[in-house]
Structures are given as structure tokens and as C-alpha cells.
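A closer look at the structure
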Amino acid sequence: MGDKKLDDQIAEYALRLGDDALVFGQRLCEWCADAPTLEEDIAISNVGLDYLGRARMALQYAGKTLGRTEDELAFLRDSGEFRNLLLVELPRGDFAFSMVRQYLLDEFELLFFTQLCGSKDDTLGAIAAKTVKEVRYHQRRSANWMQRLGLGTQESQARTQAAIDQLWGYMPELFEMDELETSLLQAGIAVDRLELHSKWLNTVTAQLASANLQIPQIDWQVVGGRKGVHTEHLGHMLGEMQFLQRAYPGLQW
Amino acid sequence: MAEANDLEQVFENKIDAEEKIEPKDWMPEGYRKNLIRQMSQHAHSEVIGMQPEGNWLTRAPTLERKSVLLAKIQDEAGHGLYLYSATETLGITREEIVQALHDGRAKYASIFNYPSLTWADIGAIGWLVDGAAIVNQVALQRTSYGPYARAMVRICKEESFHQRQGYESIAVLARGSAQQKAMAQDALNRWWWPSLMMFGPHDADSAHSAQSMLWKIKRKSNDELRQSFVDQTVSQAEIIDLEIPDPDLKWNEQRQHFDFGEIDWDEFKQVINGNGLCNRERLAQHKKAHANGAWVRDAVAAYVKGKTGESGE
């Protein structure tokens, strides 16, 4: 048998990754039949399907140790038990807001999952290997959108810059290491988020600058998701997402 | 004059010989208009049909069901896109096609003016609405306009997959708890008759049918198609122990078909004419998404213009 404490830590880590993907996937679902073009509706669904697939893999893996199914984890936990980053639970906003969030996240995920491919945990490594392939496409698309929106019209530039300004304070959470992740990093399992920061910042700054967009100088940042302290938005999302499992408990669907 | 007659003769000969009419071929103006009407209505139906299903996307009961539903709606969007492109081969732009929808000049399948009220409706829509659509579309694989026929071949493959998924989904509910079974039966009760209405009025009352049959745009009549759908669906309902809400439904040994009750044509007309529960919402949502996306489309146009302007210098 494996190391009980290590297994628990890995499960918690997988839960974090699963919750990030699930909550973000759910937000992407909100664009259905509401995108600026039919082509974009299809593209957002594509990305959403990748996130839902990733969520299922990660939650199934976490659930093995936790003794719960992916659906029990998704539909029967309250917001305080969710471990996702605050960034992904924010309401979808306008197309600029959604696309800036996508872009900032894509650049991060490209670095993160590339690193995680080398994890000593085979399952996490396999999830990362599949995810990296998907994120490459996501990043290519969202980086293109930064160009189109930043260099499009005055309105698109202004909306996109406003989205960057609103989202920037949620970025530090992506690079936060706590006791759990530090311990897993030492075991060769987790990714060193701190180490990704400067490369991410350089890439993002250059890409946005080339699209007439600036990194804001702000003095605020918000964290809490990993500890289960969320924005007020998550509860509403869960109220909607979990409705059937809560109203008709214990059934097969 | 002689030339026009020759062109018309070539066209007629092709139709008679079961050859496809292609975009660059000469075609009568009426044929072109009829196709634009039917194909754009078909495309709009795929796109508006995303709404009642999307209504349950954020509330799907399991992650697997959510993924399957999202993939299905994405397929519908793809069908819409494909059909818009096929319609554009007739010399009309997508902007014009969408504008006609917004003006109320173009229609979409009236069934999407009904609300999706419970999760069972998602199963019922896949089973019945996609089931009815397939019956229609299988026949249209032989339609005389090449791009439309080829679109149907491709779309039918995905639709039959959706139909099976929908049936499987409602079957799980029919076998589930008493509440789930009631939910499934209620969905069947609400979607059955509208599904039969999808085939349109009786042949004798159908405005475009006769000419469309002559041009081989339509290959089977509304009533023939409706009968096929009823015949194939009755046993499917029996297998999952749900009751089709029609007291007149019975096997006719002589006809080798099921007899079924008369459709409430008054309801059919009411809903087509705007008195369905969701007529206004469906169109308003499409307009809203389109209007909200205007600045994005403008940005893309400006960006492309800037790019090509630069490279053109």
C-alpha cells in the first residue's frame, strides 16, 4: 500500500486542478447560444468540452482516495469545500472579459501543465500530457483574440484593457504555493508555481503590448479559493449547477 | 428567348435524370428562392434549437451528461454553420439570411417555441425532435440541390447519434424513481404532438409541397414522413414503458401502419403565429447575442482591414 499521507495530499492537489477545470468549464457553458458569432459559439464549446473532460479526469482521480465519485464531488459539495482559483469563478462578463481571462489562464496553463508532465505521479503526468495538447490550441486562439481586440476598434481596445484591469488582481493566486503544494513539489509531484511567474509575466506583457494593451499598475490582489474562501458568485453557480442532484438526491441520471 | 428555354430544358433534364443541380448551374428563380427559404429555415432551426437544450446545460445532472449535451449543442451549431454556407452558394449572404430571421421573414422549426421545462425534456428532444428531424433529413439526402443533399448526408450521421443519446437518456429516467418516470412521461406528453407537427400540414394543405416535389427538393410528402416517424417511435416508447399520449393510436393490419389521432392544427397555427410560450424569447435571445457581439465583429473587421492594409502597402 502507498503512503496514506502522500495519497491524501495528491488527492487534494487533484481536487484543486479538477475544481479549477470544472468551475471554468461551467462558466464557458454560459456562452452557449450567446456568442458574438456562430463560429465563436462552436469554439467556446470546444474549449469548454476540454475543461469538462479535464475536470472529470482530475475529480475521478481525487475521488479514488476520497472515496467519492466525480459527480458526488461536483454536485454534493458546498462552496466552502471547493478548492478552485477565484479567477475561474468570476461571472463571465462580456466577450472581452471572458477572452482576457482565457488568455491569461492559457499562458499560465501552458507553463503549468508542461511542467506537470514530468510529475512522479503517473496519473497527474498523464492528465497533464493530454491537457498540454489542448491548451496549446486554447492559447493560440486566445492570443489571436488579444490581437484582434487590442488592435481592432477603440471600443474593443477599451473593453479589453478594462478586462485586464479588472482581472489583474486575481492573478497572484495562480502563483501561490502553500504547505501542501510545497510538500508535493519536494516529492517531485507538484509544479513550482513561483518559478513560472517571471516567464508568464514576460510572455503576457509582450503579447499584450504588441496588441496595444498594458499590464496595469494596481495595488490590490485577492486570494482564498484554495482554502475554500470564495467570492459570492460561486454559491450562485453551484445553486444552478447542483439543482437536480440536490432536489432529487441519490438517483441515477 | 430560345436560350432561356434551352437552359430550362437542361435543368429539367437533370432533375428528371436524378442528377444534382450545382451552384454554378442555371436554375429557375423559383427553385432558387424555394431552396433559400427551406435551407435557411433549416439552418435557423439548428441555431434556435440550441436554446431549449442550452437551457439545461448549466443544470445537467452529471458531468458526463453535461459533456454529452455540450457536444450535442456544438454539433447543432456546426449544422447551422454548414447549412448557412450551403445556402450562401445560392447567392445570398449570411448577413442577409440572419437579417431575414430577425425581421420575421424567415422561420425556424416551430417546435423550438415550446419550453424545455425539466431535465427529461432534454432526453425527449433528442429522442423525438431529432428523431423526427432524421426522418425528414434522410429523405432530403436525395434532394436535387447538390450542396443541400451533401449537407444532409453529413448531418444525418450526427443526428442519429443524438437521437440514440436522447433515447438512452430518457430511458434511464423511465427506469428510475417514480418521480423520474413521471418526469419522462410528462416530457413525452408535451413533446409528442409538437414532434408530429414538425412534418408540417397535411399534404393537401401544404403551401410549398407540390412544387417542391416536382423539383425534387422534397422527396417524400409531409404525411408519408409523419407516418414513418410514428411507425418507428411507437415500439421505442413501449420498450421503455412510456405511453404515447394518443388514445387513437393503434396498429392497422391492413395498412401495415399505425393509425393515429388528428393533430390539433389550431395549436399548430397558434404557435407558428407567435402564441407559443417561447416565440418572443427565442428570437429576442438571438437578436441580443447578435447585438452584443456587434462590437466584436466590428473589431475583427477593423483588425483584418488594418492587416491587409499594411501588407498591401
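Residues numbered from 1 in each chain as written. Chains lettered and ligands numbered in written order. Predicted model: local features only at pLDDT ≥ 70, side-chain atom pairs only at ≥ 80, totals over all residues. Heavy atoms only, no water.

**With respect to the confidence of the model for chain B**
Mean pLDDT over chain B works out to 95, with 98% of the residues at or above the 70 mark. What the predictor reports for the complex is a pTM of 0.96 with an ipTM of 0.97. (pLDDT = per-residue confidence, 0-100.)

**Some words on the packing of aromatic side chains**
Counted by the stated rule, this structure contains 20 aromatic pairs over all chains. Judged by centre distance (5.6 Å) and plane angle (90°), the ring pair of Tyr31(B) and Trp215(B) falls under edge-to-face. Here Trp215(B) lies in the loop between helix H9 (209-214) and helix H10 (222-239) and Tyr31(B) lies in helix H2 (residues 29-48), a separation of 184 residues in the sequence. Both rings, one in Phe199(B) and one in Phe229(B), keep their centres 5.7 Å apart while their planes meet at 45°; by these two values the pair is tilted. Of this pair, Phe199(B) sits in the loop between helix H8 (178-197) and H9 while Phe229(B) sits in helix H10, and the two are 30 residues apart along the sequence. The pair Phe199(B) / Phe229(B) is uniform in exposure class, with both members buried. Taken together, the ring pairs connect Phe108(A), Phe112(A), Phe113(A), Trp168(A), Phe175(A) and Trp200(A) into an aromatic cluster. The ring of Trp56(B) carries Arg59(B) above its face, with NZ or CZ at 3.6 Å from the centroid. We note Arg154(B) situated over the ring of Tyr82(B); from NZ or CZ to the ring centre the distance is 4.3 Å. (Phe/Tyr/Trp six-rings, centres within 6.5 Å; stacked < 30°, edge-to-face > 60°. Helix = DSSP H or I, 4+ residues; strand = E, 2+ residues; numbered from the N terminus. Buried < 20%, exposed > 50% of the residue type's maximum accessible area, 1.4 Å probe, protein only. Lys NZ or Arg CZ within 6 Å of the ring centre and 35° of its normal.)

**Thoughts on the interface of chain B and chain A**
Of the residues lining the interface, 45 residues belong to chain B; the matching set on chain A comes to 47 residues. With both chains or domains summed, chain B and chain A bury close to 3900 Å², and 71% of this area falls on carbon and sulfur atoms. Area buried by chain B at its contact with chain A is led by Thr58(B), Leu63(B) and Trp295(B), which between them contribute 20% of it. Here chain B is connected to chain A by 2 salt bridges. Linking Glu39(A) and Arg94(B) is a salt bridge whose minimum nitrogen-to-oxygen distance equals 2.8 Å. Our count for the chain B to chain A interface comes out at 13 residue pairs in polar contact (both at pLDDT 80 or more). (Contact = heavy atoms within 4.5 Å. Buried area = accessible area lost by both parts, 1.4 Å probe. Salt bridge = Lys/Arg side-chain N within 4 Å of Asp/Glu carboxyl O. Polar contact = N/O pair within 3.5 Å; in protein donor to acceptor, adjacent residues only side chain to side chain.)

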